[in-house]
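# Architecture at a glance
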Amino acid sequence: MELSALALHVDLAGRTVLRGVDLSVRPGEVVGLLGPNGAGKSTLMRALAGQTAHTGTVRIGERDGAALLPAERARLMAYLPQTRVIGWPVSVEKAVALGRLPWLGFGAKPGPRDLDICREAMAVMDVEGLAARPATELSGGEQARVLAARAIAQDTPVLIADEPASGLDPAHQISMMAALGTIARRGRAILVSLHDLTLAARWCDRVVLLRDGVVAADGDPADVLDAPMLASVFGIRAHIAQLDGRPVLAPVGLADASRLVDAGGAR
Ligand SMILES: Nc1ncnc2c1ncn2[C@@H]1O[C@H](COP(=O)(O)OP(=O)(O)OP(=O)(O)O)[C@@H](O)[C@H]1O
């Protein structure tokens, strides 16, 4: 099921945060949403998830996002927000099983298929070993993995994840991105925001660069993430290499070295 946005516009506290954003995420692809702090990535994701007032159109498959009831939306789209502190004093196993709620009848308990889906989600996020632990007592990265497992367990055609890799160690960042790729190959449409350019370049099928609430570029990571674009959108110089046919990007300085304040100048 395709997720698409047409001419999305969001004003917050009298400021325009998104101005005319067009976006599509097709089934089978992982699209990386990139951009500097404040570019509007979280706002865009919240608007797509129906959590921020906007003008313009959001479509999930044939459905108009504005017309969806919350229960319908929860069966079409999982949304993993950026803030990832677990407030529910339940076991990790139960926290992940909450992802199945949209699929259960009122008061119904998870059945064997629900439990299988939860087990697989816990395995891909490597939280099986934490199953019996109170979710509130986990480290930041562990809580982030539990919430990602919960979103994966929701098993929706569309998954939106706001910086799911932030705070994860490198191995878990890689397994998280690999898991998103596997889920996409099963026909899901996945939109993921990231700050790590190499992670985006290696694991996303396409990247969308947002700058000041406008799409600055949209395409194959190898085409989009070049030196001029990195300088103009992020204000950085990066060492760009190729590995396994994919770009590896290491930020090495600011495009405008005069912005360095008392840090020894450009290196
Ligand atoms: N509730 C709000 N009220 C007013 N302004 C807001 C609100 N939420 C976000 N903004 C502003 O909207 C702009 C976009 O914020 P947003 O959180 O979407 O950026 P982002 O690209 O996700 O940034 P980051 O990489 O830091 O997470 C920022 O300038 C921010 O200050």
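Scroll up to find the structure.
Residues numbered from 1 in each chain as written. Predicted model: local features only at pLDDT ≥ 70, side-chain atom pairs only at ≥ 80, totals over all residues. Heavy atoms only, no water.

All right, on to the sheet that holds strand β9 (residues 206-211) then. One key point about sheets: their strands pair by backbone hydrogen bonds, in either a parallel or an antiparallel sense. In space, the six strands of this open sheet follow the order β6-β7-β8-β3-β9-β10, with mixed pairing throughout. In this open sheet, the two edge strands, each paired with only one partner strand, are β6 (77-80) and β10 (214-219). Here the average twist between neighbouring strands, direction ignored, is 15°. Note that strand β3 (residues 30-34) and strand β8 (residues 189-193) share four bridges and pair parallel. The residue bridging glycine 32 from the neighbouring strand is valine 192, located in β8. Contacts between helix α5 (residues 140-153) and the sheet are confined to β6 and β7 (158-162), with β6 contributing the most and set at about 170° to the helix. Packed on one face of the sheet, helix α9 (residues 227-234) meets β3, β9 and β10 and runs near 40° to β9. (Pairing = 2+ DSSP bridges. Helix = DSSP H or I, 4+ residues; strand = E, 2+ residues; numbered from the N terminus. Axes fitted to C-alpha atoms, helices over the stretch in contact; angles between N-to-C directions. Contact = heavy atoms within 4.5 Å.)

Turning to the pattern of salt bridges, a few remarks are in order. Two side chains carrying opposite charge are able to pair once their charged atoms lie near each other. In total, this model carries 12 salt bridges according to the counting rule given. Ionic pairing is found between arginine 119 and aspartate 116, a salt bridge with its closest N-O pair at 2.9 Å. Placement of the pair is arginine 119 and aspartate 116 together in helix α4 (residues 112-124), with a separation of three residues, close to one helical turn. Residue classification places arginine 119 among the partly exposed positions, given a relative accessible area of 48%. The class for aspartate 116 is partly exposed, based on a relative accessible area of 45%. Salt-bridge contacts for aspartate 244 lead to arginine 202; the nearest nitrogen and oxygen are separated by 2.8 Å. Here arginine 202 lies in helix α7 (residues 197-203) and aspartate 244 lies in the loop between β11 (236-243) and β12 (246-254), a separation of 42 residues in the sequence. On the accessibility criterion, arginine 202 (24% relative accessible area) is partly exposed. Each of the salt bridges in this network shares a partner with another, and the network as a whole consists of Arg26, Glu29, Arg206 and Asp218. (Salt bridge = Lys/Arg side-chain N within 4 Å of Asp/Glu carboxyl O. Buried < 20%, exposed > 50% of the residue type's maximum accessible area, 1.4 Å probe, protein only.)

The next point concerns the pairing of strand β4 (residues 55-60). As defined by bridge partners, strand β1 (residues 3-12) adjoins β4 across five bridges and the pair is classed as antiparallel. Along β4, the bridge assignment pairs alanine 5 with valine 58. As paired strands, β4 and strand β5 (residues 63-64) are joined by two bridges and run antiparallel to one another. Opposite isoleucine 60, over in β5, you have arginine 63 as the bridge partner.

By themselves, these observations are geometric and do not establish any function.
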